[in-house]
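# Structure assessment
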Amino acid sequence: MIYITRRETFNAAHRLFKPEWDDDRNLEVFGKCSNPQWHGHNYVLYVTVKGEVNPDTGFLVNLKDLSLVIQKYILEKVDHKNINIEVDFMAGKYASSENLAIAIWEQLEEPVRQIGAALHCVKLLETEKNSVEYYGKNN
Ligand code: NI
C-alpha cells in the first residue's frame with residue numbers, strides 16, 4: 001500500500017453561530033468566527049489517497065486526475081463562496097472545519113474510487129495554526 005497527497009487551496013467565507021443565540025453568546029462560544037458580517041479564511045486542503053502502484057505507469061494514481069476530481073467536486077463549489085449559504089454539500093450544517101472536512105470526504109470518496117484509488121485522509125487547515133483530519137466514518 002502506498003499513499004499520495006494532493007495539496008489545494010481555496011478562499012471562502014463563513015460564520016459560526018447559532019441563530020437562536022444573541023451576538024454576545026455566539027461570540028463567547030465561536031469567537032471571531034461568529035462575526036455577524038461574515039469573514040473569510042484561506043483554506044488549505046490535503047487529500048491523501050491510497051492503493052497499489054500500477055506497474056504500467058509507476059503511479060498509484062495520475063495526480064492530474066486527482067487534481068481534476070478535487071477541482072470538480074470541491075473547489076468549483078467552495079472557492080470564493082460563502083460556505084453557509086452557497087455550498088450545496090454544506091446545506092443545513094454548521095460551517096466548521098470539522099463538518100467541512102467530513103463533507104469533503106463524502107464528496108470525494110466515490111470519484112476517487114473511480115480513478116482507481118481509495119480515499120485515506122482529508123486534512124483541512126482553516127488557519128496556519130488550526131487543522132482537522134478525517135479518515136472516514138469508521139476511523
Ligand atoms: Ni472563521
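Look a little higher up for the structure.
The text that follows walks through the structure, step by step, so that each part is easy to find. (Residues numbered from 1 in each chain as written. Predicted model: local features only at pLDDT ≥ 70, side-chain atom pairs only at ≥ 80, totals over all residues. Heavy atoms only, no water.)

### Details of helix H4 (residues 97-114)
For H4, which comprises 18 residues, the first-to-last C-alpha distance of 26 Å matches the rise-based estimate of 26 Å (1.5 Å per residue) to within 8%. At Leu108, H4 shows its strongest bend, of approximately 35 degrees, with the proline Pro111 following within four residues. All of the buried residues in H4 are Ser97, Leu100, Ala101, Ala103, Ile104, Trp105, Gln107, Leu108, Pro111 and Val112. Tucked into the core, H4 has its buried residues touching strand S1 (2-14), strand S2 (39-51), helix H2 (63-78), helix H3 (83-86), strand S4 (118-125) and strand S5 (131-134). (Helix = DSSP H or I, 4+ residues; strand = E, 2+ residues; numbered from the N terminus. Expected span 1.5 Å × (residues − 1). Bend = angle between axes of the 7 residues up to and from the residue. Buried < 20%, exposed > 50% of the residue type's maximum accessible area, 1.4 Å probe, protein only. Contact = heavy atoms within 4.5 Å.)

### Focus on the coordination of the nickel ion
Taken together, His14 (NE2), Cys33 (SG), His39 (NE2) and His41 (NE2) make up the full set of protein donors to the nickel ion, lying 2.0 to 2.1 Å away. Note that the nickel ion binds four donor atoms; their angles at the metal cover 94 to 124 degrees, and the shape is tetrahedral. The motif formed by the donor residues of the nickel ion, counted along the single chain, is H-x18-C-x5-H-x1-H. With a gap of 19 residues between them, His14 in strand S1 and Cys33 in the loop between helix H1 (23-30) and S2 connect regions that are remote in the sequence. (Donors = N, O, S within 2.8 Å, 3.2 Å for Na, K, Ca; no water. Tetrahedral: all angles 85-135°; square planar, octahedral: opposite > 155°, others 65-115°.)

### Considering the sheet that holds strand S3 (residues 81-82)
Strand pairs in the sheet, formed through backbone hydrogen bonds, run parallel or antiparallel to each other. Reading across the sheet, the five strands line up as S3-S1-S2-S4-S5 and stay open at both edges, with mixed pairing between neighbours. Across the chains shown, the open sheet's two edge strands, defined by having one partner strand only, are S3 and S5. Of the pairings in the sheet, the one linking S4 to S5 comprises four bridges and is antiparallel in character. Bridge pairing in S5 places Val122 opposite Tyr134. (Pairing = 2+ DSSP bridges.)

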